[in-house]
Each structure stands twice: as C-alpha cells, then as structure tokens.
Amino acid sequence: MSNKVSVQVAVNVPLSMTFTYLADKPLPIGCRVRVPFRGGEQTGVVVDDQQSADVPAHKLKHVESCLDEIPPLPADFLELIRFTAQYYRHPIGQALFAALPGPLRRPQPARWPDERGWQLTLAAHDTEGPPPRQKARHALWHALAEPLSYQQAKVITPQAPALLKQWLAEGLVERVDAEPPLEIADGPVLNDEQAAAVEAVAGSFGQFTPWLLNGITGSGKTEVYLRLIERVLAAGQQVLVLVPEINLTPQLVERFARRFPATPLAALHSGLADGERLAGWLAAWRGSAGIVIGTRLAAFTPLARGGLIIVDEEHDGSFKQQDELRYHARDLAVWRARQAGVPIVLGSATPSLESVANVEAGRYRELSLTRRAHGAAALPTVRLIDIRRQKLLDGLAEPAIAALRKRVERKELSLVYVNRRGYAPVIACTECGWLSGCPHCSARLVWHVTDRRLHCHHCGYHEAPPRACPDCGNSDLKPMGQGTQRIEEALIALLPGARVLRIDRDTVGRKDAWEAIYRKVHGGEVDVLIGTQMLAKGHDFPALSLVLVLNADGGLYSADFRASERLFAQLSQVAGRAGRADTPGEVLVQTQWPEHPLYQALVAHDVAGFAAQQLAERREAGFPPAAFQVAVRADARTLEEASAFLDAAAALAEPPEGVTLAGPAPALMMRLANRERAHLLVESPQRVRLHTFLDDWLPLLAGLQQAHRQVRWSIDVDPQDF
Ligand code: ADP
Ligand code: ZN
Ligand code: ZN
C-alpha cells in the first residue's frame, strides 16, 4: 500500500467535488484517465495529487495510467476552469468537460493531428502531371512544387483531399515538415484613427490591457484587428478571436485567410464535426494554429503562445451561455487576458453598458473610430414615421410602402426588419403614454394572459389591470409590442412583381442555407429581404439602400431592463447595413413614440449620448452595471411549486448589509416546455460582498431539494435574461 499514491480526479457528474483514486505512480496534473465510477466507467482528469485525509486508502479504487500520448492539459487551462466553476457556481467536473471538445470527453486516447504539409516527390517531377484542361488538378499539382498545408490545398480546389490521398498512394506527393511562412496580402492604407488604434494596442503587447474599440459600423474595426494580428503573428504568437454568431464565422474566417494565406487557422464553433473541432482545438493548444477564431465556447481553447485576444461585437448577448454552465465568454476572455498578461480588444459599434462603465471607471481604455472607412460610404439618414395618426395597411404606413416601391423600381435592395424578440407585453395608454409600473421598484408590470393580472418580474408584486388610464382616463389601454404577422404576404400583395425573400430561424435552419441566401442576394435576385434579429448582425449585404424597421416599440418599455440597450444596438446594427457601399442609405422606423430618447439618439447617431442616458437610469434604479446580480432560477409544474422553493431558499438567507434579495418573481417567459419558471434575485453594488454571501448561502440550498422534489433549480451569475 505504501508505494501507491492518491490523486484527485474531476469527473463529469453534477457534484461540486473531485474524487480520490489510487495510482501506482504519480500522475501528472491535467492528464486524462479512465476511472471506475459507480459501477461504470468515466473519463476523468487529474486535477490534484494531494492525499485526502477523510477516505481510508483501502476503500479507494484504482486508476490506471494516463490515457493520452499528448501532454497533460495545461495548467493555465485548468486554472481557467477552476475560476469558471467557482465564479459561475458550477460543478468543477461539469465545467471542465463542457470546455473540452467532444472526443476528449470520452475515455479514448487522443493524439496530435498530423499537421505536416504536402509536396511533390522527386519522382513526380519527372512526370508530366495533369494536363492544363483539368484545371483544378493542374493548379494543385503546380502549387505542390512548394510545401502546401491541407488548408491551402483546399483553397485551391475542394477536390484536394481526394487528390492528395490518391497522389500519396501513387508516390507522387509526400508529407513534409514545413514551418508555414508569414504571408501577408495587401490591405488598405489605414486612416488616422485606425492607425492610432493599432499603435495604441500594439504598444501594450506583453501586458494585460483591456481596450474598448468603439467604432461605428463600417469604420474599419476588422481592419484594425487584421493589422494587430499581423504584428502578433510576426512576433511568433497566436491570436484568439471570439465572434458572437456561428453564421458570422465563415465570412470572417475567409477574410482572415485571404489576408494571411499561409497561416494555419483554427475555426471553432458548434457547427463542426467532432473530429474537426478536436483537430482545431489541439492545433490551438499545441501552438500550430496562428489564428484561432470561434464562438463563445472557444473562450476556453488553450493557447501555447497567445499574444492577443479579440472579442468582436462584444455587446452581443449570445456571449452568455443560457443553460448549464452559464458563463459569459467576453468576461472570461478578459479574465484570460489578465491571466496570460496580454492585451484584449473588445470591439463594438454599440458597446455594452458594462464596458462603457469600465471605461468610465478607468479599468478599460477606449479607442474611437468615428468615421466610415470606405471612401464614399456615409452614415444612413434615419427617419421616424409616426404611426399614431396614420392608417396602416397590414401594419405598413403609406410613406413606408412608397419608399419600398421606389427601391423596387430602381432595382435596389431593401430590408424589412421585424423586431420579434419575445418581449413580454407592458400595458400602455395610447393617448398619453402612461405605462404600467411597479409601485415597489423601478420595473414595469407585465400583462399575463393566464391569470389576467399585471406582474412585476423583479420583485413579484402583482395587481389587476386598471380599467382606464390612471393619468388621463382613456379606456383604450393596450399591450405593446405584439408581433407583426403575415408581413410577407402583405408585401407581396403591395409590391406586385417584387422578389421578396424572408429570412428567419426556419429558413436558415438548414446547413448551407446562408450560402444560398448570400448567392441570391449578391446575384441581384432579391428586391426585398424580410428578416428578424439574425439579420441585424454584421452580415455584409451590398447595395442595401433602404431599411424599414417594424415593431420596434415593444423594446422601449419592456420589463427587462436591458431591452432598450439591446434594441438600440440592434437598430444601430441594422441601420449600419444600409449604404455601406456607394449607395447612400435610408432607414425608416415606424413608431408610436417618435419623441422617445432612444429614437432621437438613433436619428442623431448619438451612441455615446444614449449610453450615458441609459447608464444614468441604471444607476438611479440600482441595476447592472451599477449593481451585480445573481439569479436563483427554479422551474416546476406550477408557478406555486417553483415559488415555494424560492421562498424556502430566501428564508435560509441572512444577507449582510449591502446585499438584498428580491422576489421570487415569475420569469418573463413564465411557461416553457410545460414547466413554469420563477427566479429569486440576489443583488449588491459590490461583487465581492455578493459572492461572499453566496459562499455561505448556496450550500444550504442543497438541503431543500428533499422537500421540493419536483423543482429543478440552478444558479445564474450575472444573468442577462429574465
Ligand atoms: P467594421 O468592422 O468596423 O464594420 P470593416 O473593417 O469591415 O469595418 O471595414 C468596412 C469596409 O471598409 C470594408 O470593406 C473594408 O475593407 C473597408 N476599409 C477598412 N479600412 C479601410 C481603409 N483604411 N481604407 C479603405 N477602406 C477601408
Ligand atoms: Zn393616458
Ligand atoms: Zn416590483
């Protein structure tokens, strides 16, 4: 017994502990192992080698040797996982396995991918090679005179994988070790603001410095990233780039690959097959991929020699994972930059209020790009169409229809943007603008059809709706922000002969659907695009000359305090789609509230003014970023069951001064998949206080499950959606 050692192993189970095993010899921390677990077998990762005192050695199970030929998982990766598990209050094993690519979660050995290149053999040089009329083969053959990477070969022809295999078998090509050269294709000459931004960030290489790159749409942020990447690659280091949406990765990957044609690039997103994802992940960890680009999960990718982190569209809500391990990829990226001692660039045209507040507090440094980079492209003109005094035809105002007609006649592309987020309806007076507000806190009351009452989703207060407006007596009180239906049919009827294409979750669900849409749009086969949120993000549609925004008002007075911030970001983004090339753009917004500050800021392109006004409101109300929140979420068959659990949880709390509990309150989307959902909010202006309280309180909640068996519950740190 004495020559055995004990190791601590993290296993993919919902328990916030690690498990002790015995091994014949010390196992390195970070190595993957196969362990017996509750009668079965699990993959584990050695996270510590300390002897734990409370389990007698003869009761311990054995662990064999390490699974892999590759080295143990790096220490900085494990440190990141430890922080993530602790900060987001998630079981360490589950956090660890969520961050690993699929194949590494299974108990099979992994090896480094073969990253050697291909080159013609001497024997091949004596043969003629494919004739010129076989274009693709011919081009690949000639390119293979020099070593080519798999990726470079695939750029030459999609048939490359098959051809290389065949020629390898025929002895015409061989695998060669080749250090990829740094090739840089030409880019535009930077303008002063861009050049200043590049110099500033480059001046901080080698030290943790968070930068907010605040640049209007089309101001050349991506060009700034490219120049920074160039310098990082030249220094022999790697860049990690995070983007919010999987649909945006191919565009950006292509742009990066065109600029750095020889640099190995790992693209990591959920649309990849397991094997591809693993290969990219390992290439990043090993250091062979110079550029690593991916969606939120890529925030965990280990880097051998990371020199810079970039988060594009840093304000985007999709960086927050909404279930299981509820991490925020941007926030973790900042943590990683600090850990690695490298700069991080957070880029956006509409920075998050969190980042704006961090700039104000001196924690982040701001770089501004205030002009459009592309010579002729001016910012679009934004006009508001007041629909209070207008007859609407199927939801469309006369000036909007006329504007669309004009574009169709001129063969220009229009976009009809339908805001369709699941905003819970707030009751409003159509005469004086009165809104249902909570008497106990600064949140709005939301109309629930189920019990026909108004509910506060922050503190849980509810009441019957008033029969008439308490301010002006008008009896026409309506829920705001109802969906616009059948807009496609209406447009087809109103614009005879126009080619209308609707884009939503259904139409782009299939793989390659985006490419087909792109081809149609770029091929001039579309006059009017209809779309929702997903169109707002950075897709580059040239010759878009009109954007018509419908149904935006629902986001103005939502019960979710972040709704205005999101609406403004989306409208700015979608407006930014107009007039990017040489066609000046026009944006029309149909609204009942043309005097609202959000729309006024949009018309004036006043991003900073809007942020300042929002930030002041948040500070007044004590909402983030002026405070920190943690939500305890519960769901059950009925709201009563879920709330009873949360009440019991609240009863166990003894919050110290400066920490408050609010609720339980029903979730904005109260009913989901036959479960009813509620939450309890814990809030504090000080993050440390909040977390110290959680340390004491959360362990007590486990004891409640027994009495509330039907309730599922979870913790959401820094929640984004309610
Ligand atoms: P953003 O990322 O801020 O939306 P991009 O970097 O995509 O902006 O730039 C918008 C357009 O302007 C692109 O077509 C890009 O090639 C071009 N561009 C960027 N910087 C310059 C520059 N300095 N001179 C000319 N064109 C530029
Ligand atoms: Zn009124
Ligand atoms: Zn309230």
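Procedures and definitions
Residues numbered from 1 in each chain as written. Chains lettered and ligands numbered in written order. Predicted model: local features only at pLDDT ≥ 70, side-chain atom pairs only at ≥ 80, totals over all residues. Heavy atoms only, no water. Core = buried A, V, L, I, M, F, W, Y, C linked by side-chain atoms within 4.5 Å. Buried < 20%, exposed > 50% of the residue type's maximum accessible area, 1.4 Å probe, protein only. Contact = heavy atoms within 4.5 Å. Phe/Tyr/Trp six-rings, centres within 6.5 Å; stacked < 30°, edge-to-face > 60°. Helix = DSSP H or I, 4+ residues; strand = E, 2+ residues; numbered from the N terminus. Near = heavy atom within 4 Å. Polar contact = N/O pair within 3.5 Å; in protein donor to acceptor, adjacent residues only side chain to side chain. Areas by Shrake-Rupley, 256 points an atom, 1.4 Å probe, with all protein chains shown as cover. Nonpolar A, V, L, I, M, F, W, Y, C, P; charged D, E, K, R; others polar. Axes fitted to C-alpha atoms, helices over the stretch in contact; angles between N-to-C directions. Parallel < 35°, antiparallel > 145°, perpendicular 65-115°, else oblique. Left-handed = near helix turned anticlockwise from the far one by under 90°. Disulfide = S-S within 2.5 Å. Expected span 1.5 Å × (residues − 1). Bend = angle between axes of the 7 residues up to and from the residue. Salt bridge = Lys/Arg side-chain N within 4 Å of Asp/Glu carboxyl O.

1. Let's talk about the nonpolar core
- Membership of the largest hydrophobic core comes to 78 residues, with the highest contact counts inside it found for Phe-77, Leu-242, Trp-281, Phe-300 and Trp-697.
- Ignoring sequence-local partners within four residues, the contact set of Trp-697 consists of Val-632, Ala-649, Ala-650, Leu-652, Ala-653, Leu-680 and Val-682.
- Among the nonpolar cores identified, the runner-up in size contains 35 residues, and Tyr-557, Val-574, Ala-578 and Tyr-599 belong to it.

2. Description of the packing of aromatic side chains
- A complete count under the given rule lists 13 aromatic pairs for this structure.
- Aromatic pair Trp-112 and Trp-285: ring centres 5.2 Å apart, planes at 70°, arrangement edge-to-face. With Trp-112 in the loop between helix 3 (102–105) and strand 5 (117–120) and Trp-285 in helix 11 (residues 274–286), the pair connects residues that are 173 residues apart, well separated along the chain.
- We classify Trp-285 as buried; its relative accessible area is 9%.
- Both rings, one in Phe-561 and one in Phe-623, keep their centres 4.6 Å apart while their planes meet at 15°; by these two values the pair is stacked.

3. A short note on the site of ligand 1
- Near ligand 1 lie 16 residues; those nearest to it are Val-189, Gln-194, Lys-221, Thr-222 and Arg-255.
- One of the side-chain N or O atoms of Gln-194 is found 2.8 Å from a nitrogen atom in ligand 1.
- Lys-221 has a polar backbone atom sitting 2.8 Å from an oxygen atom of ligand 1.
- For ligand 1, whose free accessible area comes to 560 Å², the fraction covered by protein is 76%.
- Here the element with the most residues in the shell around ligand 1 is helix 9 (residues 221–234); it accounts for 3 residues.
- Of the residues belonging to the shell around ligand 1, the class tally is 5 nonpolar, 7 polar and 4 charged.

4. Overview of the packing of helix 1 (residues 75–87) against helix 12 (residues 329–340)
- Where helix 1 contacts helix 12, the two axes come as close as 11 Å, and the packing angle between them is 140°. Classified by the interaxial angle, the pair formed by helix 1 and helix 12 is oblique. The two elements helix 1 and helix 12 meet at a crossing, and its hand is right-handed. Across from Asp-76, Glu-79, Leu-80, Phe-83 and Thr-84 in helix 1, the residues of helix 12 making contact are Leu-332, Trp-335, Arg-336 and Gln-339.
- Residues of the contact of helix 1 with helix 12, tallied by class, amount to 4 nonpolar, 2 polar and 3 charged.

5. Some remarks on the state of the cysteines
- Per the stated rule, a full pass over the model turns up 1 disulfide.
- The disulfide bridge from Cys-31 ends at Cys-66, spanning 2.3 Å between sulfur atoms. Negative torsions about the S-S bond denote left-handed disulfides, and the value of about -85° found for Cys-31 with Cys-66 makes this one left-handed. Residue Cys-31 is found in the loop between strand 2 (19–23) and strand 3 (32–37), and its partner Cys-66 is found in the loop between strand 4 (40–48) and helix 1; the two are separated by 35 residues along the sequence.
- On the basis of relative accessible area, Cys-31 is assigned to the buried category, the value being 4%.
- Taking relative accessible area as the criterion, Cys-66 reaches 27% and is therefore assigned partly exposed.

6. A closer look at helix 22 (residues 687–701)
- Relative to the 21 Å expected for 15 residues at 1.5 Å per residue, helix 22 spans 21 Å between its end C-alpha atoms, a close match to the ideal helical length.
- Along helix 22, the largest kink reaches about 35° and is centred on Asp-695; proline Pro-699 follows within four residues of it.
- Among the residues of helix 22, Leu-690, His-691, Phe-693, Leu-694, Trp-697, Leu-698 and Leu-701 are the ones counted as buried.

7. Observations regarding the pattern of salt bridges
- For the structure shown, the criterion picks out 31 salt bridges.
- Arg-111 is the salt-bridge partner of Glu-69, the closest N and O atoms lying 3.5 Å from each other. Residue Glu-69 is found in the loop between strand 4 and helix 1, and its partner Arg-111 is found in the loop between helix 3 and strand 5; the two are separated by 42 residues along the sequence. The exposure classification of Glu-69 matches that of Arg-111, with both residues exposed.
- Overlapping salt bridges, with partners in common, bring together Arg-383, Arg-407, Arg-410, Glu-412 and Glu-586 in one network.

8. Looking at the packing of helix 18 (residues 563–576) against helix 20 (residues 607–621)
- Where helix 18 contacts helix 20, the two axes come as close as 11 Å, and the packing angle between them is 170°. With respect to helix 20, the axis of helix 18 lies roughly antiparallel. On helix 20, the residues that touch Ser-564, Glu-565 and Phe-568 of helix 18 are Val-607, Phe-610, Gln-614 and Arg-618.
- Of the residues contributing to the contact of helix 18 with helix 20, the split by class is 3 nonpolar, 2 polar and 2 charged.

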